[in-house]
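Summary of the model geometry
Residue-level listing of the chains:
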Amino acid sequence: DGGITQSPKYLFRKEGQNVTLSCEQNLNHDAMYWYRQDPGQGLRLIYYSQIVNDFQKGDIAEGYSVSREKKESFPLTVTSAQKNPTAFYLCASTPSRDYYNEQFFGPGTRLTVL
Amino acid sequence: AQSVTQPDIHITVSEGASLELRCNYSYGATPYLFWYVQSPGQGLQLLLKYFSGDTLVQGIKGFEAEFKRSQSSFNLRKPSVHWSDAAEYFCAVGRQTGANNLFFGTGTRLTVIP
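Report on the accompanying structure. These numbers come from a predicted model, not from an experiment.

Re unusual backbone geometry
Cis geometry is adopted by the peptide bond preceding proline 8 of chain A, which originates at serine 7 of chain A and carries an omega value of -10°. Even without a glycine there, the phi angle at asparagine 28 of chain A is positive, about 60°. Checked against the element boundaries, asparagine 28 of chain A lands in the loop between β3 (19-25) and β4 (31-37). Owing to a relative accessible area of 55%, asparagine 28 of chain A belongs among the exposed residues under this scheme. Positive phi, close to 60°, is recorded for lysine 61 of chain B, a residue that is not glycine. Assignment of secondary structure puts lysine 61 of chain B in the loop between β7 (56-58) and β8 (64-68).

Next comes the structure, spelled out in C-alpha coordinates:
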(Lines give C-alpha, C1' and ligand atoms only; values in the text may rest on other atoms or scores of the structure.)
Protein backbone atom coordinates (compact mmCIF):
# COMPACT_ATOMS: atom_id res chain seq x y z
CA ASP A 1 0.00 0.00 0.00
CA GLY A 2 1.21 3.48 -0.83
CA GLY A 3 1.51 6.00 1.92
CA ILE A 4 3.65 8.00 4.26
CA THR A 5 5.49 6.49 7.19
CA GLN A 6 6.91 8.37 10.10
CA SER A 7 9.16 6.89 12.71
CA PRO A 8 9.33 6.59 15.57
CA LYS A 9 5.79 7.16 16.80
CA TYR A 10 7.04 8.37 20.19
CA LEU A 11 10.40 9.98 20.80
CA PHE A 12 12.00 11.20 23.98
CA ARG A 13 15.08 13.32 24.17
CA LYS A 14 17.03 15.12 26.80
CA GLU A 15 17.26 18.86 26.71
CA GLY A 16 20.21 20.02 24.61
CA GLN A 17 20.26 17.02 22.28
CA ASN A 18 19.50 17.02 18.58
CA VAL A 19 17.02 14.47 17.29
CA THR A 20 15.99 13.41 13.78
CA LEU A 21 12.46 12.46 12.78
CA SER A 22 12.01 10.21 9.78
CA CYS A 23 9.50 10.69 6.98
CA GLU A 24 9.29 8.32 4.03
CA GLN A 25 6.74 8.20 1.21
CA ASN A 26 6.22 5.69 -1.59
CA LEU A 27 3.60 7.73 -3.42
CA ASN A 28 6.11 9.16 -5.89
CA HIS A 29 5.14 12.64 -4.74
CA ASP A 30 7.36 15.57 -5.59
CA ALA A 31 6.55 17.86 -2.68
CA MET A 32 6.92 17.14 1.02
CA TYR A 33 6.15 19.15 4.13
CA TRP A 34 6.74 19.20 7.85
CA TYR A 35 4.17 20.61 10.24
CA ARG A 36 4.19 21.07 13.95
CA GLN A 37 0.99 20.63 15.94
CA ASP A 38 0.43 22.04 19.40
CA PRO A 39 -2.83 21.87 21.37
CA GLY A 40 -5.18 24.66 20.37
CA GLN A 41 -2.88 25.98 17.63
CA GLY A 42 -3.65 23.85 14.63
CA LEU A 43 -0.79 22.92 12.32
CA ARG A 44 2.09 25.23 11.50
CA LEU A 45 4.50 24.81 8.61
CA ILE A 46 8.16 24.20 9.51
CA TYR A 47 9.86 23.37 6.20
CA TYR A 48 8.84 22.24 2.75
CA SER A 49 10.52 20.78 -0.28
CA GLN A 50 9.10 20.87 -3.79
CA ILE A 51 11.88 18.94 -5.46
CA VAL A 52 14.88 16.83 -4.56
CA ASN A 53 17.89 18.77 -3.26
CA ASP A 54 15.80 21.86 -2.62
CA PHE A 55 13.84 23.03 0.41
CA GLN A 56 12.51 26.25 1.90
CA LYS A 57 11.70 27.56 5.34
CA GLY A 58 8.13 27.69 6.45
CA ASP A 59 6.57 29.86 9.12
CA ILE A 60 8.42 28.44 12.14
CA ALA A 61 11.76 27.10 10.84
CA GLU A 62 13.98 28.39 13.66
CA GLY A 63 15.63 25.53 15.52
CA TYR A 64 14.90 22.98 12.80
CA SER A 65 16.77 21.64 9.78
CA VAL A 66 15.89 19.31 6.91
CA SER A 67 17.42 17.56 3.94
CA ARG A 68 15.97 16.18 0.71
CA GLU A 69 18.57 13.91 -0.84
CA LYS A 70 16.02 11.42 -2.14
CA LYS A 71 12.54 11.95 -3.52
CA GLU A 72 10.97 9.58 -1.03
CA SER A 73 12.67 10.87 2.11
CA PHE A 74 12.45 14.17 4.01
CA PRO A 75 13.95 13.89 7.51
CA LEU A 76 13.53 16.66 10.06
CA THR A 77 16.17 17.44 12.68
CA VAL A 78 15.07 19.20 15.82
CA THR A 79 18.14 20.96 17.13
CA SER A 80 19.01 22.10 20.61
CA ALA A 81 18.30 25.65 19.42
CA GLN A 82 14.58 24.90 19.30
CA LYS A 83 13.33 26.42 22.54
CA ASN A 84 10.15 24.43 22.96
CA PRO A 85 10.41 21.24 20.91
CA THR A 86 7.80 19.13 22.69
CA ALA A 87 5.02 18.73 20.13
CA PHE A 88 3.36 16.42 17.63
CA TYR A 89 5.12 16.47 14.25
CA LEU A 90 3.35 15.64 11.02
CA CYS A 91 4.86 14.98 7.62
CA ALA A 92 2.81 15.43 4.45
CA SER A 93 3.26 15.14 0.69
CA THR A 94 1.54 16.21 -2.52
CA PRO A 95 1.99 14.94 -6.07
CA SER A 96 3.36 18.26 -7.30
CA ARG A 97 3.73 21.88 -6.34
CA ASP A 98 0.35 22.76 -7.82
CA TYR A 99 -1.72 24.35 -5.13
CA TYR A 100 -4.90 22.46 -5.83
CA ASN A 101 -3.47 19.15 -4.75
CA GLU A 102 -4.62 17.70 -1.49
CA GLN A 103 -1.97 16.86 1.06
CA PHE A 104 -1.49 13.32 2.31
CA PHE A 105 -0.38 13.00 5.91
CA GLY A 106 1.69 10.50 7.82
CA PRO A 107 0.66 9.19 11.27
CA GLY A 108 2.89 11.65 13.12
CA THR A 109 5.69 11.53 15.70
CA ARG A 110 5.19 12.77 19.23
CA LEU A 111 8.38 14.31 20.57
CA THR A 112 8.82 14.88 24.27
CA VAL A 113 11.79 16.70 25.73
CA LEU A 114 12.66 15.59 29.23
CA ALA B 1 -2.93 37.52 4.37
CA GLN B 2 -4.65 34.18 4.35
CA SER B 3 -6.17 32.91 7.56
CA VAL B 4 -8.71 30.43 8.78
CA THR B 5 -10.92 30.74 11.85
CA GLN B 6 -12.75 27.92 13.54
CA PRO B 7 -14.74 29.67 16.27
CA ASP B 8 -15.79 26.54 18.14
CA ILE B 9 -13.03 24.85 20.13
CA HIS B 10 -15.20 22.00 21.35
CA ILE B 11 -18.65 20.76 20.33
CA THR B 12 -20.71 18.00 21.92
CA VAL B 13 -23.59 16.37 20.09
CA SER B 14 -25.75 13.34 20.70
CA GLU B 15 -25.43 10.36 18.45
CA GLY B 16 -27.95 10.68 15.62
CA ALA B 17 -28.16 14.45 15.88
CA SER B 18 -27.11 16.77 13.08
CA LEU B 19 -23.76 18.52 13.08
CA GLU B 20 -22.41 21.77 11.74
CA LEU B 21 -18.82 22.86 12.25
CA ARG B 22 -18.01 26.42 11.37
CA CYS B 23 -15.10 27.70 9.31
CA ASN B 24 -14.40 31.24 8.17
CA TYR B 25 -11.53 32.17 5.92
CA SER B 26 -9.77 35.29 4.84
CA TYR B 27 -8.45 35.33 1.30
CA GLY B 28 -8.63 37.80 -1.56
CA ALA B 29 -9.22 35.48 -4.49
CA THR B 30 -11.17 32.27 -4.88
CA PRO B 31 -9.91 30.06 -2.08
CA TYR B 32 -9.02 26.41 -2.18
CA LEU B 33 -10.67 24.98 0.92
CA PHE B 34 -10.31 21.70 2.73
CA TRP B 35 -11.71 19.86 5.71
CA TYR B 36 -9.56 17.26 7.45
CA VAL B 37 -10.31 14.93 10.34
CA GLN B 38 -7.83 13.69 12.92
CA SER B 39 -8.36 10.84 15.35
CA PRO B 40 -6.36 11.02 18.59
CA GLY B 41 -2.64 10.50 18.03
CA GLN B 42 -3.09 10.02 14.29
CA GLY B 43 -2.41 11.88 11.09
CA LEU B 44 -4.98 13.87 9.15
CA GLN B 45 -7.43 12.43 6.65
CA LEU B 46 -9.07 14.51 3.95
CA LEU B 47 -12.87 14.68 4.23
CA LEU B 48 -13.57 16.96 1.29
CA LYS B 49 -12.26 19.88 -0.72
CA TYR B 50 -13.55 22.82 -2.70
CA PHE B 51 -11.74 24.37 -5.64
CA SER B 52 -14.47 25.73 -7.88
CA GLY B 53 -17.88 24.93 -9.32
CA ASP B 54 -20.77 23.63 -7.26
CA THR B 55 -20.65 25.30 -3.87
CA LEU B 56 -22.02 22.24 -2.08
CA VAL B 57 -19.37 19.53 -1.97
CA GLN B 58 -19.77 15.99 -0.82
CA GLY B 59 -17.08 14.14 1.05
CA ILE B 60 -16.38 10.83 2.66
CA LYS B 61 -18.18 9.40 5.69
CA GLY B 62 -21.41 11.26 4.85
CA PHE B 63 -19.97 14.76 5.33
CA GLU B 64 -20.71 17.74 3.14
CA ALA B 65 -19.66 21.38 3.15
CA GLU B 66 -21.01 24.51 1.57
CA PHE B 67 -18.88 27.33 0.25
CA LYS B 68 -20.48 30.74 0.79
CA ARG B 69 -18.41 33.50 -0.72
CA SER B 70 -20.61 36.28 0.69
CA GLN B 71 -20.01 35.01 4.22
CA SER B 72 -16.42 33.81 3.68
CA SER B 73 -17.49 30.51 5.15
CA PHE B 74 -17.02 26.84 4.45
CA ASN B 75 -19.04 25.04 7.11
CA LEU B 76 -18.97 21.28 7.47
CA ARG B 77 -22.22 19.38 8.01
CA LYS B 78 -23.47 15.91 8.66
CA PRO B 79 -27.16 15.05 9.02
CA SER B 80 -26.73 12.26 11.55
CA VAL B 81 -23.62 11.86 13.68
CA HIS B 82 -22.19 8.46 14.58
CA TRP B 83 -20.10 7.72 17.66
CA SER B 84 -17.14 7.03 15.37
CA ASP B 85 -17.21 10.66 14.20
CA ALA B 86 -15.70 11.78 17.50
CA ALA B 87 -12.39 13.38 16.49
CA GLU B 88 -10.80 16.73 15.81
CA TYR B 89 -11.74 18.56 12.65
CA PHE B 90 -9.56 21.05 10.83
CA CYS B 91 -10.50 23.52 8.16
CA ALA B 92 -7.69 24.66 5.87
CA VAL B 93 -7.14 27.05 3.00
CA GLY B 94 -4.53 26.50 0.33
CA ARG B 95 -1.65 28.95 0.21
CA GLN B 96 -1.38 30.05 -3.40
CA THR B 97 2.01 31.70 -3.38
CA GLY B 98 5.27 29.86 -2.96
CA ALA B 99 4.67 26.58 -1.25
CA ASN B 100 1.66 24.45 -1.92
CA ASN B 101 0.93 24.16 1.73
CA LEU B 102 -2.14 24.79 3.79
CA PHE B 103 -3.12 27.32 6.41
CA PHE B 104 -4.96 25.45 9.12
CA GLY B 105 -7.56 26.58 11.58
CA THR B 106 -7.07 25.75 15.23
CA GLY B 107 -9.47 22.83 15.04
CA THR B 108 -12.79 21.83 16.58
CA ARG B 109 -12.93 18.84 18.86
CA LEU B 110 -16.14 16.84 18.46
CA THR B 111 -17.50 14.72 21.29
CA VAL B 112 -20.40 12.36 20.58
CA ILE B 113 -22.56 11.23 23.47
CA PRO B 114 -24.76 8.13 23.30
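A few points about the interface of chain B and chain A
If you look at the interface, chain B gives 23 residues, while chain A gives 26 residues. Interface area, chain B with chain A, both sides summed: about 1900 Å², of which 53% is carbon and sulfur. Here chain B is connected to chain A by one salt bridge. Residues lysine 49 of chain B and glutamate 102 of chain A are paired through a salt bridge, measuring 3.8 Å at the closest nitrogen-oxygen approach. Viewed at the interface, chain A and chain B are joined by four residue pairs in polar contact (both at pLDDT 80 or more). Mapped onto the side of chain B that touches chain A, the elements with two or more residues apiece are β5 (33-38), β6 (44-50) and β11 (102-104) of chain B. Its residues assigned to classes, the side of chain B that touches chain A comprises 11 nonpolar, 10 polar and two charged.

Let's talk about the environment of phenylalanine 105 of chain A
Mapped onto the fold, phenylalanine 105 of chain A is located in strand β10 (residues 104-105). Residue class for phenylalanine 105 of chain A comes out buried when judged on its relative accessible area of 12%. Sequence spacing of phenylalanine 105 of chain A and glycine 3 of chain A is 102 residues, and the spatial spacing of their C-alpha atoms is 8.3 Å. Those residues within four positions of phenylalanine 105 of chain A in sequence are excluded, and the remaining contacts are Ile4, Tyr35, Leu43, Leu90, Cys91 and Ala92 of chain A together with Tyr36, Leu44 and Phe104 of chain B.

Digging into the layout of surface pockets
The volume enclosed by the largest pocket comes to roughly 340 Å³. Lining the largest pocket are 17 residues, and of these Gln37, Pro39 and Arg110 of chain A together with Gln38 and Glu88 of chain B lie nearest its centre. Top contributing element to the lining of the largest pocket by residue count: strand β10 (residues 87-94) of chain B, with three residues. Of the residues contributing to the lining of the largest pocket, the split by class is six nonpolar, seven polar and four charged.

Some points on the nonpolar core
Core analysis: the largest hydrophobic core is formed by 27 residues, its most contacted members being Leu19, Trp35, Leu47, Leu48, Phe74, Leu76 and Tyr89 of chain B. Elements represented by at least two residues in this core include exactly β2 (10-14), β3 (19-21), β5, β6, β8, β9 (73-78), β10 and β12 (108-113) of chain B. Of the residues forming this core, the biggest block, four residues, is contributed by β10 of chain B. Contacts of leucine 76 of chain B, omitting those with residues within four sequence positions, involve Leu19, Glu20, Leu21, Trp35, Leu47, Leu48, Phe63, Glu64, Ala65 and Tyr89 of chain B. Counting 20 residues, the second-largest nonpolar core is a separate cluster that includes Ile60, Phe74, Leu76 and Tyr89 of chain A.

Definitions and cut-offs
Residues numbered from 1 in each chain as written. Chains lettered and ligands numbered in written order. Predicted model: local features only at pLDDT ≥ 70, side-chain atom pairs only at ≥ 80, totals over all residues. Heavy atoms only, no water. Helix = DSSP H or I, 4+ residues; strand = E, 2+ residues; numbered from the N terminus. Buried < 20%, exposed > 50% of the residue type's maximum accessible area, 1.4 Å probe, protein only. Contact = heavy atoms within 4.5 Å. Buried area = accessible area lost by both parts, 1.4 Å probe. Salt bridge = Lys/Arg side-chain N within 4 Å of Asp/Glu carboxyl O. Polar contact = N/O pair within 3.5 Å; in protein donor to acceptor, adjacent residues only side chain to side chain. Nonpolar A, V, L, I, M, F, W, Y, C, P; charged D, E, K, R; others polar. 1 Å grid on protein atoms, 1.4 Å probe; cavity = no way out; pocket = protein on both sides within 12 Å on 5 of 7 lines; lining within 4 Å. Points joined across faces, edges and corners; volume = space filled by probe spheres on them. Core = buried A, V, L, I, M, F, W, Y, C linked by side-chain atoms within 4.5 Å.

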